[in-house]
Every structure is written in structure tokens, then in C-alpha cells.
Amino acid sequence: QVQLVESGGGLVQAGASLRLSCVASPRTASTYAMGWFRQAPGKEREFVAAITWTGGGTLYADSVKGRFTISRTVTKNTIYLQMNSLKPEDTAVYHCAADSARGSIKRAGDEYEYWGQGTQVTVSS
């Protein structure tokens with residue numbers, strides 16, 4: 001059973017930066033594609049970014065492109081989401097997710113089998 005633990009959320013002002021982390025265990029998860037999703041109160045879950053298991057390919061939602069960067073460590077069991085120029089509309093609970101299927105990285109949350117509990121990001125105006 002894969003476990004995902006997120007950290008790094010918090011309360012910041014608009015324009016600030018945060019870096020979210022997600023540690024995956026066991027080590028087999030290092031071969032999984034990983035993604036970040038977010039859900040704001042009263043809204044549907046939204047794709048944010050994804051990265052291949054090698055770290056060589058990434059995908060972003062248009063709303064965060066140019067502001068957020070997804071990456072993973074050399075050991076590949078930790079992924080990060082560097083969030084710059086944060087806006088109030090980025091306020092949400094951010095979840096990381098893992099997809100064991102090899103192939104292209106995906107935007108659809110239903111394609112991911114494992115999910116973390118989430119970390120709250122709040123951006124004040």
C-alpha cells in the first residue's frame with residue numbers, strides 16, 4: 001500500500017511563495033508518476049501539475065503555468081511543488097497523488113490510485 005504525506009502548506013499574502021512536499025512510501029512508489037491536485041471549498045477537484053516517474057516530463061494546468069514548478073528528488077520518492085506569485089484564487093487544499101501505470105502523465109484525478117490527506121494553502125489579498 002502506497003502512502004503519501006504532504007507538507008509545506010500555510011497562510012501567506014498574495015505574491016508570496018510556498019513549497020509543498022510529498023513523500024511517498026514504500027520505495028516502489030519512486031517508479032510512479034505523481035501529480036498535484038487542489039480543491040477549494042465548494043469547488044471541484046482541480047488538476048495542478050504532474051511529473052513522470054523519471055522526472056523528465058511535466059504537465060501543468062494553464063492557471064499555474066509559469067508560476068508553479070513540479071519536481072522530484074533523485075531518489076524519486078519525494079515530489080515538490082514550488083509555488084511562486086501566489087494569488088488568492090490559489091487557496092485550496094493541495095493533494096498529491098500517485099499513478100502506478102507507466103506511460104503518459106495524466107490530468108484526470110480518476111487515473112491516480114493513491115492520494116495523500118492534503119495540506120492547506122491559504123493566500124490572503
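Residues numbered from 1 in each chain as written. Predicted model: local features only at pLDDT ≥ 70, side-chain atom pairs only at ≥ 80, totals over all residues. Heavy atoms only, no water.

Undergrad: Hey, could you run me through the overall build of the protein chain in this one?
TA: Looking only at helices and strands, the protein chain features 0 helices and 11 strands. Radius of gyration (C-alpha) of the protein chain: 13 Å, near the 14 Å computed for a compact globule of 125 residues. Overall, the C-alpha framework of the protein chain stretches about 40 × 30 × 25 Å when taken along its three principal axes. Considering the protein chain as a whole, with its 125 residues, one finds that 46% of them fall into the buried category. Pairs at least 24 residues apart make up 58% of the contacts formed inside the protein chain by residues separated by at least 6 positions. Carbon and sulfur atoms make up 48% of the accessible area of the protein chain, which amounts to about 6300 Å² in all. Looking at the protein chain, you have 13 positive and 10 negative side-chain charges, and the mean spots of the two groups are 8 Å apart. (Helix = DSSP H or I, 4+ residues; strand = E, 2+ residues; numbered from the N terminus. Rg over C-alpha atoms; globule rule 2.2 N^0.38 Å. Buried < 20%, exposed > 50% of the residue type's maximum accessible area, 1.4 Å probe, protein only. Contact = heavy atoms within 4.5 Å. Areas by Shrake-Rupley, 256 points an atom, 1.4 Å probe, with all protein chains shown as cover. Lys, Arg positive; Asp, Glu negative; His and termini not counted. Charge placed at Lys NZ, Arg CZ, Asp CG, Glu CD.)

Undergrad: I tried to follow the packing of aromatic side chains on my own but got confused; where do I start?
TA: Aromatic ring pairs: the centre-centre distance and the angle between the two ring planes describe each pair. A full pass over the atoms with the stated rule returns 5 aromatic pairs. Consider the rings of Tyr112 and Trp115, whose centres lie 6.4 Å apart with planes at 65°: the pair is edge-to-face. By relative accessible area, which is 4% here, Tyr112 ends up buried. Joined through ring pairs, the aromatic side chains of Phe37, Phe47, Tyr112 and Trp115 make up one cluster. Here the guanidinium or amino end of Arg19 rests over the ring plane of Tyr80, the centre of that ring lying 4.1 Å away. It is Arg45 that lies over the ring of Phe37; its NZ or CZ is 5.8 Å from the centre. (Phe/Tyr/Trp six-rings, centres within 6.5 Å; stacked < 30°, edge-to-face > 60°. Lys NZ or Arg CZ within 6 Å of the ring centre and 35° of its normal.)

Undergrad: What is the right way to look at the state of the cysteines in this model?
TA: Two cysteines whose sulfur atoms are joined by a covalent bond form what is called a disulfide. Throughout the structure, instances matching the rule amount to 1 disulfide. Across the disulfide, Cys22 is cross-linked to Cys96 (sulfur-sulfur distance 2.0 Å). Between Cys22 and Cys96, the S-S dihedral sits near 50°, and the bridge is therefore right-handed. Within this pair, whereas Cys22 is found in strand β3 (residues 18–25), its partner Cys96 is found in strand β9 (residues 92–99), the two being separated by 74 residues in sequence. (Disulfide = S-S within 2.5 Å.)

Undergrad: Teacher, can you tell me more about the pattern of salt bridges here?
TA: Under the counting rule described, the total for this entry stands at 6 salt bridges. Lys65 is paired through a salt bridge with Asp62; the nearest N and O atoms lie 3.2 Å apart. Where Asp99 meets Lys106, a salt bridge forms, and the shortest distance between an N and an O atom there is 2.8 Å. Asp99 sits in the buried class, given a relative accessible area of 2%. (Salt bridge = Lys/Arg side-chain N within 4 Å of Asp/Glu carboxyl O.)

Undergrad: What is the right way to read the environment of Asn84 from this model?
TA: Its location among the elements puts Asn84 in the loop between β8 (78–83) and β9. Spatially, the C-alpha atom of Asn84 lies 6.3 Å from that of Ala16, the residues being 68 residues apart in sequence. Not counting residues within four places of it along the chain, the set of residues in contact with Asn84 comprises Ala16, Ser17, Arg67 and Phe68. Engagement of the side chain of Asn84 in a polar contact is seen with the side chain of Ser17, the distance being 2.9 Å. At 2.9 Å, the side chain of Asn84 forms a polar contact with the side chain of Gln82. (Polar contact = N/O pair within 3.5 Å; in protein donor to acceptor, adjacent residues only side chain to side chain.)

Undergrad: Looking at this structure, I do not really get the nonpolar core. What am I missing?
TA: In globular proteins that are soluble, nonpolar side chains generally tend to be buried together. Counting residues in hydrophobic clusters, the biggest one holds 38 residues, and the most contacted among them are Leu4, Trp36, Leu81, Met83 and Tyr94. Among the secondary structure elements, those contributing two or more residues to this core are β3, β4 (33–39), β5 (46–51), β7 (68–72), β8, β9 and β11 (119–124). (Core = buried A, V, L, I, M, F, W, Y, C linked by side-chain atoms within 4.5 Å.)

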